[in-house]
Amino acid sequence: MAEENQRQADARRRHELARAAAEAEARAAQEQLDAFIVRVQAAGAAPEPLQATLLNGSRVKTGLVGWYLNRARTLAVAPDGHYYQLVSAGSALARFTGVTPQPSPPTLVIGRGGRDGETGDLAEFLARAFDDYAGR
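Calculation rules
- Residues numbered from 1 in each chain as written.
- Predicted model: local features only at pLDDT ≥ 70, side-chain atom pairs only at ≥ 80, totals over all residues.
- Heavy atoms only, no water.
- Buried < 20%, exposed > 50% of the residue type's maximum accessible area, 1.4 Å probe, protein only.
- Helix = DSSP H or I, 4+ residues; strand = E, 2+ residues; numbered from the N terminus.
- Pairing = 2+ DSSP bridges.
- Salt bridge = Lys/Arg side-chain N within 4 Å of Asp/Glu carboxyl O.
- Phe/Tyr/Trp six-rings, centres within 6.5 Å; stacked < 30°, edge-to-face > 60°.
- Lys NZ or Arg CZ within 6 Å of the ring centre and 35° of its normal.

Colleague: Help me understand the pairing of strand S1 (residues 48-54) in this model?
Modeller: It is a general feature of regular strands that their side chains alternate between the two faces of the sheet. Among the 7 residues that make up S1, 5 are buried, leaving the element largely enclosed by the rest of the structure. As paired elements, S1 and strand S2 (residues 59-68) share 5 bridges and run antiparallel to each other. Across the sheet, Ala52 pairs through a bridge with Val60, a residue of S2. Hairpin connection, S1 to S2: the antiparallel pair is bridged by 4 residues, and Gly57 has positive phi, about 100°. Of the pairings in the sheet, the one linking S1 to strand S5 (residues 87-88) comprises 2 bridges and is parallel in character. Considered in S5, the bridge of Leu54 is made with Ser88.

What follows is the structure, encoded as structure tokens:
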């Protein structure tokens, strides 16, 4: 039984370390997002209304404004610094009522572990988004 307790303690410690690492990554990513917001606003790029993509591929309103970070328009940052993943299950009524995405913790690597879609460092996505918005 003592062995099980040690295993449980080890598992709990690994979980705590993983959570601490994720929180540190989110703080570092948030700093990059905050710097992007300052730069893009200084360049005169106003936030635009954000839409979400439903799992069936249709686009719906969200009631949010911000700047898209990827070409697929599924990641965005709002002027208040909140980071959104704009993919939603949505109901059949979502076409008419829209959806309300919740902010999520940002990551330094977009699409980590994914095999499809855009992947890369957050800094690269922010640089590309800045060029897109500042060039308008």
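Colleague: I tried to follow the pattern of salt bridges on my own but got confused; where do I start?
Modeller: Any two side chains of opposite charge can pair, given that their charged atoms come close. Enumeration over the complete set of coordinates arrives at 3 salt bridges. Where Glu16 meets Arg13, a salt bridge forms, and the shortest distance between an N and an O atom there is 3.7 Å. One end of the pair is Glu16 and the other is Arg13, both in helix H1 (residues 2-42) and 3 residues apart, which spans about a single turn. Relative accessible area serves as the criterion here: at 32%, Glu16 is assigned to the partly exposed category. A relative accessible area of 46% means that Arg13 is categorised as partly exposed. Residues Glu118 and Arg128 are paired through a salt bridge, measuring 3.7 Å at the closest nitrogen-oxygen approach. Of this pair, Glu118 sits in the loop between strand S6 (109-110) and strand S7 (120-121) while Arg128 is found in helix H3 (residues 122-134), placing the two residues 10 residues apart along the sequence. Residue classification places Arg128 among the partly exposed residues on the basis of a relative accessible area of 23%.

Colleague: For this particular structure, what's the right way to read the packing of aromatic side chains?
Modeller: Aromatic ring pairs are reported here in terms of the distance separating the ring centres and the angle at which the planes meet. Taken as a whole and assessed by the stated rule, the structure comprises 1 aromatic pair. With a centroid separation of 6.3 Å and 85° between ring planes, the pair formed by Phe36 and Trp67 is classed as edge-to-face. Of this pair, Phe36 sits in helix H1 while Trp67 sits in strand S2, and the two are 31 residues apart along the sequence. There is no split in this pair, since Phe36 and Trp67 are both buried. Over the aromatic face of Phe130 sits the side chain of Arg39, whose NZ or CZ is 3.8 Å from the ring centroid. In this arrangement the basic side chain of Arg128 is found over the ring face of Phe125, its NZ or CZ atom lying 4.9 Å from the centre.

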